[in-house]
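Tertiary structure, described
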Amino acid sequence: MLLAVRKQWKAQGLGDMTPEQEAAMLRKFRLMRGSMATNLTMMRMAAGAGATQPVVPAAAPATVAAPPSASPASPVVAKSDVARPTTFSDPFGGFLVNGRSWVDPAGSPFAFPVGGGRYAYQMFAGNRATGAMTYMVRSGQPDHYLVRSTNANSLAAPVTIGTLEQTRANGWEFTPPEGGTVAGQSIFMLDDGLLMARIDNVFRYRPGSALQTIPLPPGFALFGYQRGDVGTTHVVAIFRARGANHSVFHEIKSIAGKSEDSDLALLNIDTGQLFPLKRTVDDTLLNKMFDGYGNPISSYYLWSIYWYSTPDGPIAVAFEHDAGEVVAIDLTNDHRVTLFSRSLGITEFHPTQYPDGHVSVEASWMFKKHEAPDVGAILAGKAPVPTS
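Residues numbered from 1 in each chain as written. Predicted model: local features only at pLDDT ≥ 70, side-chain atom pairs only at ≥ 80, totals over all residues. Heavy atoms only, no water.

With phi around 55 degrees, Asn98 is a residue other than glycine that occupies positive phi space. Position of Asn98 relative to the elements: it lies in the loop between β3 (96–97) and β4 (100–103). (Helix = DSSP H or I, 4+ residues; strand = E, 2+ residues; numbered from the N terminus.)

Core analysis: the biggest nonpolar cluster contains 60 residues, and Met136, Leu164, Ile238, Leu266 and Trp307 have the highest contact counts within it. When residues in this core are grouped by element, the largest group, 5 residues, is from strand β18 (residues 235–240). Excluding anything up to four places from it in sequence, Leu164 contacts Met136, Asp143, His144, Tyr145, Val147, Trp172, Glu173, Phe174, Ile187, Met189, Leu194 and Met196. Membership of the second largest hydrophobic core comes to 20 residues, among which are Phe340, Phe349, Val359 and Val375. (Core = buried A, V, L, I, M, F, W, Y, C linked by side-chain atoms within 4.5 Å. Buried < 20%, exposed > 50% of the residue type's maximum accessible area, 1.4 Å probe, protein only. Contact = heavy atoms within 4.5 Å.)

As a further point, take the side chain of Thr160. Note on placement: Thr160 falls in strand β10 (residues 159–166). When its relative accessible area of 9% is taken as the criterion, Thr160 is described as buried. Here Arg148 takes part through its side chain, which lies 2.9 Å from a polar atom of the side chain of Thr160. (Polar contact = N/O pair within 3.5 Å; in protein donor to acceptor, adjacent residues only side chain to side chain.)

With that settled, consider the sheet that holds strand β26 (residues 359–365). If you trace the 3 strands from one edge of the open sheet to the other, you get β25-β26-β27, paired in antiparallel fashion. In the strand order of this sheet, the two ends are held by β25 (348–353) and β27 (368–372), each with one partner. Ignoring strand direction, the axes of neighbouring strands in this sheet form an average angle of 20 degrees. Two strands pair when backbone bridges link them, and β25 and β26 are joined in this way by 6 bridges, in the antiparallel orientation. Note that in β26 the partner of Gln353 across the bridge is Val359. (Pairing = 2+ DSSP bridges. Axes fitted to C-alpha atoms, helices over the stretch in contact; angles between N-to-C directions.)

We now examine the packing of aromatic side chains. A full pass over the atoms with the stated rule returns 11 aromatic pairs. Each ring, one from Phe340 and one from Trp365, has its centre 6.1 Å from the other, and the planes form 70 degrees; the classification is edge-to-face. In this pair, Phe340 is assigned in strand β24 (residues 336–341) and Trp365 in strand β26, connecting sequence segments 25 residues apart. Each member of the pair, Phe340 together with Trp365, is buried. (Phe/Tyr/Trp six-rings, centres within 6.5 Å; stacked < 30°, edge-to-face > 60°.)

This part covers the sheet that holds strand β7 (residues 124–126). Sheet architecture is open: 6 strands sit in the order β7-β8-β9-β10-β11-β12, paired in antiparallel fashion. Edge positions in the sheet fall to β7 and β12 (182–184), since each of these pairs with one other strand and no more. Ignoring which end each strand starts from, the neighbouring axes of this sheet average 25 degrees apart. Two strands pair when backbone bridges link them, and β7 and strand β8 (residues 132–138) are joined in this way by 3 bridges, in the antiparallel orientation. When the sheet's bridge partners are listed, Gly126 is paired in β8 with Met133.

A separate point is the pairing of β26. Counted residue by residue, β26 has 6 buried out of 7 residues, so it is predominantly covered. The turn linking β25 back onto β26 is made up of 5 residues, and Gly357 within it adopts a positive phi angle of 100 degrees.

Under the counting rule described, the total for this entry stands at 9 salt bridges. Residue Lys278 is joined to Glu320 by a salt bridge in which the shortest nitrogen-to-oxygen separation is 3.7 Å. Taken together, the residues Lys278 in the loop between β20 (274–277) and β21 (305–310) and Glu320 in strand β22 (residues 313–320) connect sequence positions 42 residues apart. Accessibility classification places Lys278 together with Glu320 in one group, the buried group. (Salt bridge = Lys/Arg side-chain N within 4 Å of Asp/Glu carboxyl O.)

Next up, the structure:
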């Protein structure tokens, strides 16, 4: 079986297997040995039956182990013939794929501690519909990291699509296998690559494609911390920067058809489509996400803007009119529905995404809770707007 895999490895342009890769593959064979179906498939492959696709074991191990791989000049990310629904979650210090820890011998997963270490901002992105994923691991050298991509449904080895170095100026430098280095202040994993942000533009890298520069709308800056699903929706939250030309925001107001300032917006980096929000920004609050005890400060803007990839398409849920309305937004056509409205203000709201991808929202005021069970279905006209 190992001889057959060596041959298949070379046929895919990955060169010779290293001893470590062969050892990792042998461990996989032993794990799969209990499955007769898997053994028969591997025997057919060894006999030259032409089994060219990765074999999925009938019984998965407790952890999803990924053997290391070399990075060719143009990395080819593993794909799966069948796009499979995949669950991703991010407990502190790592991430789970289909409920199991994802383990990569190339390095341990990396997460930014935030809120005095009480929260972790995971540096990974996973596509629930297909299993495509990109993540960041420690390389073993201080301030140096590897960016790895694969498909969670494939046994093919992940590939390194670039390296990251954290600079002394609290910035980052990204170097893809093709060469060249790009610098920026913040980074975000995408399900098909990586996003690096500067003050007024972002750079996007996808394996096998040229580096793409995406300008932000004039007067806007990107939040260095993003709370929504950037990786799959390719939507980012932006805000009006200090000293920006106010005429720019009059244009945004006319686009949105709204009378008040739109100092916050969501931007689709694939299409350039802008989704203004009826919110004003106080520059003095831009960096106050947590209090001295590590608790979220509710007045911080990103605690009230959420966006998700759902079976009904990408959606957002956000406060507008400060805290007077909770609105849902279809991030494909900008269709909007007011889920909850109260002239005296809504105390708080909390969205929840379930394993099947649908999103519910619970809002509270006057010591009562109100629920929208399926936001995507409401936006699609498949469910009624909740009454409160």
